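# Breakdown of the fold
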Amino acid sequence: MNTSIEALPRAVVPLRGFIPSLEGMRAFAALGIIVTHVAFQTGVASSPIMGRIWGRFDLTVALFFALSGFLLWRPHAAQARGLGQAQPVLRYLWSRAVRILPAYWVVVTLVLLFLPNTGSSWRVWVANLSLSQVFMPLTLTEGMTQMWSLSVEVSFYLLLPVFAFLMLRLRGAAARARRPLLFVVAAASLCWAFVPVPTPDAIHHDNWLPGYFAWFAAGMLLAEYSTSEETWAHRLAARRALCAAIAIVAFALSATALAGPQGLVRPAAWQFEVKIVLGAILAFALLAPLVLADTHRHRILEHPVTLALGRWSYGIFIWHLVILAMVFPVFGIIPFSGHFVLVLCVTTALSIPVAAASYALVEEPSRRALRTRERMGNGRA
């Protein structure tokens, strides 16, 4: 029997459709991605102390994955407890495709047509247009090397309905088993880097979805907690200073050799998994206060400027390496020769308006077209 909203515990409040602070957090995650890529390409990621810190801003990818896990799994967690209804699978897949592909295909087309040194063979075109770069050797190309994470994200989009189907019986009173099950699956995924999976040269299986599932699971667990009665997670989330301290400690540990060598050197399997664990802890600690104990406004995360950057965050992510590739020749700077602050400021300053244009001219019109199509379909029905 469904429970009325009035009788629900306060933990259900985050079920509202839009949580502004998450949009703001997405903005900071996008800026963190710029920081780590500029640090690498200017060479400062190789400096003794700060290099590890700048380089480890790549953990903002964990934030992106956890945000996706929370926002996309929350309808299924709510449905399991009789608090709402998840989207039909076809509608969900359409919405994901419209959200990701139009702007992405614009970037791929322009980069492969006009950016030098992209090695634009038919394999590169096919791999990048289909977001299968992590499965096809030597197809991550200049201006789009960050798209490996988008390939992993799309894999999660495609498999999420499967996860929901497998947990279909865990509803009502049985929904309490959903959190332990997710935790066990996430823990089991930490064995992935140790599994001897045969792959072609230059392809590493730890770059596939199972390797990063724990980061998505951090958000999925938050979705489960946000639709349940008050738990230890809600009490922890209410202690914002403690959550911040946990996130800082996780980030600091990730900047040590525990999470792998400095730079883009491939880590040992155990170091890769340590980094995954620390990224999951970081993402959980940063997002929990926003979705489990959000009783007041977050002035920074919900500032109009931050919210605008959050809206444009996808554009910032897909365009910033194209901008970065052009900054070096325009300013006469040799890659890996320093000028970190200058390159960071110029790349950020140019990426934001380009992302805003991408949002206004491609992303939002595509979403409006989907909404119009759905309304017309509903009208005919």
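These figures come from a predicted structure and were not determined experimentally. Residues take numbers from 1 onward in each chain, read along the sequence in its written order. This being a predicted model, a pLDDT of at least 70 is required before a residue's local features are given, and a value of 80 or more before pairs of side-chain atoms are given or counted; all residues contribute to the totals for chains, interfaces and linings. To obtain the side-chain values, all non-hydrogen atoms of the structure were included, while hydrogens and water were left out.

### Section: the pattern of salt bridges
The criterion, for reference: By salt bridge we mean one thing: a side-chain nitrogen of Lys or Arg within 4 Å of a carboxyl oxygen of Asp or Glu. Strands here are runs of E lasting at least two residues and helices are runs of H or I lasting at least four, both read from the DSSP assignment and numbered beginning at the N terminus.
Scanning the entire structure with this criterion turns up 10 salt bridges. Of the charged contacts in the structure, one is a salt bridge between K275 and D58, with a shortest N-O distance of 2.8 Å. Linking K275 in helix 11 (residues 269-291) with D58 in the loop between helix 2 (50-55) and helix 3 (60-80), this pair joins segments that are 217 residues apart in sequence. The closest approach of N and O atoms between E364 and R367, which form a salt bridge, is 3.1 Å.

### Considering unusual backbone geometry
Even without a glycine there, the phi angle at L138 is positive, about 55°. Tracing the sequence through the fold places L138 in the loop between helix 5 (122-129) and helix 6 (147-166).

### Some words on the confidence of the model for the protein chain
As a reminder, the rule being used: By definition, pLDDT measures how confident the predictor is in each residue, and it falls between 0 and 100. By definition, residues are in contact when any of their heavy atoms lie within 4.5 Å.
Looking at the protein chain, pLDDT values average 90 and 93% of them are 70 or higher. A low-confidence stretch, residues 1-14 (pLDDT under 50), is modelled with 21 contacts involving residues beyond four sequence positions or located in other chains.

### Observations regarding the environment of S151
The following threshold applies: Relative accessibility decides the category of a residue: with a 1.4 Å probe and only protein chains considered, values under 20% of the type maximum give buried, values over 50% give exposed, and everything between is partly exposed.
For S151, the position within the fold is in helix 6. The exposure class of S151 is buried, given its relative accessible area of 1%. Between the C-alpha atoms of S151 and L131, which are 20 residues apart in sequence, the distance is 5.1 Å. If we skip the residues at most four places from it in the chain, S151 touches L131, S132, Q133, V134 and F135.

### Points about the packing of helix 3 against helix 11
Axes are the key here: two packed helices are described by the angle between their axes and the distance separating the axes. As a reminder, the rule being used: To get an axis, a line is fitted to the C-alpha atoms, and for a helix only the part in contact is used. The angle between two axes follows their N-to-C directions and goes from 0 to 180 degrees. Just so you know how the angles are binned, under 35 degrees is roughly parallel, over 145 roughly antiparallel, 65 to 115 roughly perpendicular, and the rest oblique. In this scheme the crossing of two helices becomes right-handed for a clockwise turn of the near helix relative to the far one and left-handed for an anticlockwise turn of less than a right angle. Under this grouping Gly is polar, as are all residues other than the nonpolar Ala, Val, Leu, Ile, Met, Phe, Trp, Tyr, Cys and Pro and the charged Asp, Glu, Lys and Arg.
Here helix 3 crosses helix 11 at 50°, and the two axes come no closer than 9 Å. When the interaxial angle is binned, helix 3 and helix 11 end up oblique. Crossing hand, helix 3 versus helix 11: right-handed. Between helix 3 and helix 11, the residues in contact are A62, L63, A66, L67 and F70 and G279, A283, L286, L287 and V291, respectively. Looking at the contact of helix 3 with helix 11 residue by residue, the classes come out as nine nonpolar, one polar and no charged.

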